[in-house]
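The chain contents come next:
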Amino acid sequence: MAKSVLSDIRFHNEEAAFAYVEANLWPNGPVCPHCEATGAKIGKLKGKTTRAGLYKCYACRKPFTVRIGTIFEDSHLPLRLWLQAIHLLCASKKGISTRQLQRMLGCGMKTAWHLGHRIRFAMAPDGSSGPLGGAGMTVEADETYLTNSPKTKRGSGRKHPHTRVVSLVERGGNIRSMTLDHKSVGGHLYKHVHRDSRLVTDKAPHYLHPPVASHESVDHSKFEWARGDVHVNTLEGFFSIFKRGLIGIYQHVDKKHLDRYLAEFDFRQNTRAKLGINDVQREEIAIKGFVGKRLTYQTTGSAEV
Ligand SMILES: [Zn+2]
């Protein structure tokens, strides 16, 4: 029988958990986060009472661990539990609920909630990824609507518009999803599309005259779903997985957190098995993206894990 991935020592032993994260974030050995010293200037602190993963920099005299400067930094939770949570989120195609994380990790509900949201936050691409598409490339844009959960409705007699999710996918490349209201669709959407791209959409009015090299559309109102390679089927498959996740796993998603769930589903789609990426490789990609995410996260108001 093949060895269970869950039996890996990094999920059970704190030193091994640190060694795993260090191997991913410091491929060439420890780097002091305070002064960037490396090599012989860094010493590992060992001893019965020493915390796992603790180093000392002999250049600036400061101690540090690999957690500094990452989403792990302000967390009191053992790193091996973080790795378990990251594994569960990376390996579950439709996501994993706070309740289930809580049960599987044996932690509190609040801890599970923050853990899940920090990981989702860190799965989002950083600002440096640039627009999708480019000369000779096709980008599909499409949207779907989510009905608000009755629990999130407030007041009475007010209209509660459905939430609009817009996704873009570069054919053969990455997907990027966002929640937009009808006013911001045009302006905001096209920040994510390279001007030299060919854009394929349906006939929705906000796709009229997009600022791109060429634009073709299918007319769903005339039951036209595809005309040669003019279609938005790539995104329809993605929306189907996303909605099954929201309905089956997440159930009551507050609109203000929706972008993080989208980042989670985008991340798994962009690292999917069809691209030859397995669950463990997906985790490594996630962990490499955790660097530099710390400060931004705090502005959203939580450091409780
Ligand atoms: Zn230093």
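Conventions used here
Residues numbered from 1 in each chain as written. Predicted model: local features only at pLDDT ≥ 70, side-chain atom pairs only at ≥ 80, totals over all residues. Heavy atoms only, no water. Donors = N, O, S within 2.8 Å, 3.2 Å for Na, K, Ca; no water. Tetrahedral: all angles 85-135°; square planar, octahedral: opposite > 155°, others 65-115°. Helix = DSSP H or I, 4+ residues; strand = E, 2+ residues; numbered from the N terminus. Buried < 20%, exposed > 50% of the residue type's maximum accessible area, 1.4 Å probe, protein only.

A. Representation of the coordination of the zinc ion in the model. Looking at the metal site, the zinc ion is ligated by Cys-32 (SG), Cys-35 (SG), Cys-57 (SG) and Cys-60 (SG), spaced 2.2 to 2.3 Å from it. Its four donor atoms give the zinc ion angles of 103 to 117° at the centre, a pattern that matches the tetrahedral case. Each donor residue of the zinc ion lies on the same chain, and together they follow the pattern C-x2-C-x21-C-x2-C. A residue pair is termed long-range when its members are at least 10 positions apart, and Cys-35 in the loop between α1 (14-25) and β1 (42-44) and Cys-60 in the loop between β2 (55-57) and β3 (63-64) qualify at 25 residues. According to the relative accessible area criterion, Cys-35 is partly exposed, its value standing at 35%. Given a relative accessible area of 23%, Cys-60 falls into the partly exposed group.

B. The arrangement of unusual backbone geometry in detail. Even without a glycine there, the phi angle at His-209 is positive, about 50°. In this structure, His-209 sits in the loop between β7 (198-201) and β8 (214-217). Look at Phe-223: it is not a glycine, yet its phi comes out positive at around 60°. Turning to its location among the elements, Phe-223 is positioned in the loop between β8 and α6 (233-250). By relative accessible area, which is 68% here, Phe-223 ends up exposed.

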